[in-house]
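Now for the letters of each chain:
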Amino acid sequence: MRPLSQTLLKVCGATAPQDIEAAAAAGADCVGLWHGVPGGPSELGLDGLAALVAAARPAGLLPVLVTFLADAGELAEIVRRTRVAWVQLHAYQPPAVVRALREALPAGVGLVKVLHVDEAGGCVERPLIGAYERAGTDLFLLDTATGDGRIGSTGSALDPARLTALLPRLTRPFLLAGGLTAANRPAYEEVVRHGGFRGIDVDTAARERATGRFGVPEIAALARAWRTGTPHPTHTTHPAGAGAVAAGAGGHTRLELSR
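Residues numbered from 1 in each chain as written. Predicted model: local features only at pLDDT ≥ 70, side-chain atom pairs only at ≥ 80, totals over all residues. Heavy atoms only, no water.

A. Expanded view of the overall build of the chain. Helix and strand counts for the chain come out as eight helices and 10 strands. Residues classed as buried in the chain amount to 54% of the 259 residues present. Across the chain, the fraction of contacts at a sequence separation of at least 24, relative to all contacts at a separation of at least 6, is 66%. A total of about 10,300 Å² of accessible surface is found on the chain, and carbon and sulfur atoms cover 55% of it. (Helix = DSSP H or I, 4+ residues; strand = E, 2+ residues; numbered from the N terminus. Buried < 20%, exposed > 50% of the residue type's maximum accessible area, 1.4 Å probe, protein only. Contact = heavy atoms within 4.5 Å. Areas by Shrake-Rupley, 256 points an atom, 1.4 Å probe, with all protein chains shown as cover.)

Rendered as structure tokens:
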């Protein structure tokens, strides 16, 4: 697999076609779709998930299943039914689940494992990083675990100084999440310069304050800030091809990353 040619922008928690349209128009590369996240504000049923996957593909967005589920057989069936391109294991699924899922998934489907970093810089999965890599993880996602136990779309930022202590443990590329905005991009300069950095995953800052839906100006500002280092709002169009999304076998869209 070849490396990305630019910083990847994933916006997470789409629940309606207008979210897909906004993400594509503003220059996002991937869209996170929640299923199997009990009580999650962006939770989708299987039919809703399949419908948004179908909308994302022709819009040029890579659809990513974001889930707390841990049954490899169930997840593989969801992938086959909905044709999501990636599975993001966002809870505390152990390496054995990653291995079983890697064996069960259709060829070409990417596998993301979230590593939960708390406000003190601790990471409960830290001792298991090597096991996750050997089990078949393609990409890690570093996200916040709050003091009250919340994970996923918390809007709580990670301390960049504490992140840098974890990065040497990774031999797979990673995305960064957790309270990211256009304005706080400069604070993460050292993380962005790390050889494994591939992009960001954003929920809260991608939304309009008034409606809570994805907003074109908000996503475009994120794209500009994190791809150019210039944190000023702007309207951008989705870069054709962008070197980040490619058509896979059988019409599947997949993200190509070096492993």
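From this point, things continue past the structure.
B. How the structure looks around helix H3 (residues 72–82). Within H3, the full set of buried residues consists of Ala-72, Leu-75, Ala-76, Ile-78, Val-79 and Thr-82. Taken end-on, H3 shows its buried residues confined to a sector of 155°, consistent with a single buried face. The secondary structure elements touched by the buried residues of H3 are helix H2 (46–56), strand S3 (62–67), strand S4 (86–89) and helix H4 (95–104). The backbone nitrogen of Gly-73 lies 3.0 Å from a side-chain oxygen of the residue at the head of H3, namely Asp-71. Remark: Arg-83 follows H3 within two positions and exhibits a positive phi of approximately 65°. (Arc of directions from axis to C-beta. Polar contact = N/O pair within 3.5 Å; in protein donor to acceptor, adjacent residues only side chain to side chain.)

C. Up close: the packing of H2 against H3. Relative to each other, H2 and H3 sit at 50°, their axes nearing to 9 Å. The angle between H2 and H3 falls in the class oblique. As H2 runs across H3, the sense of the crossing is right-handed. Contact residues: Leu-46, Asp-47, Leu-49, Ala-50 and Val-53 in H2; Ile-78, Arg-81 and Thr-82 in H3. Grouping the constituent residues of the contact of H2 with H3 by class yields five nonpolar, one polar and two charged. (Axes fitted to C-alpha atoms, helices over the stretch in contact; angles between N-to-C directions. Parallel < 35°, antiparallel > 145°, perpendicular 65-115°, else oblique. Left-handed = near helix turned anticlockwise from the far one by under 90°. Nonpolar A, V, L, I, M, F, W, Y, C, P; charged D, E, K, R; others polar.)

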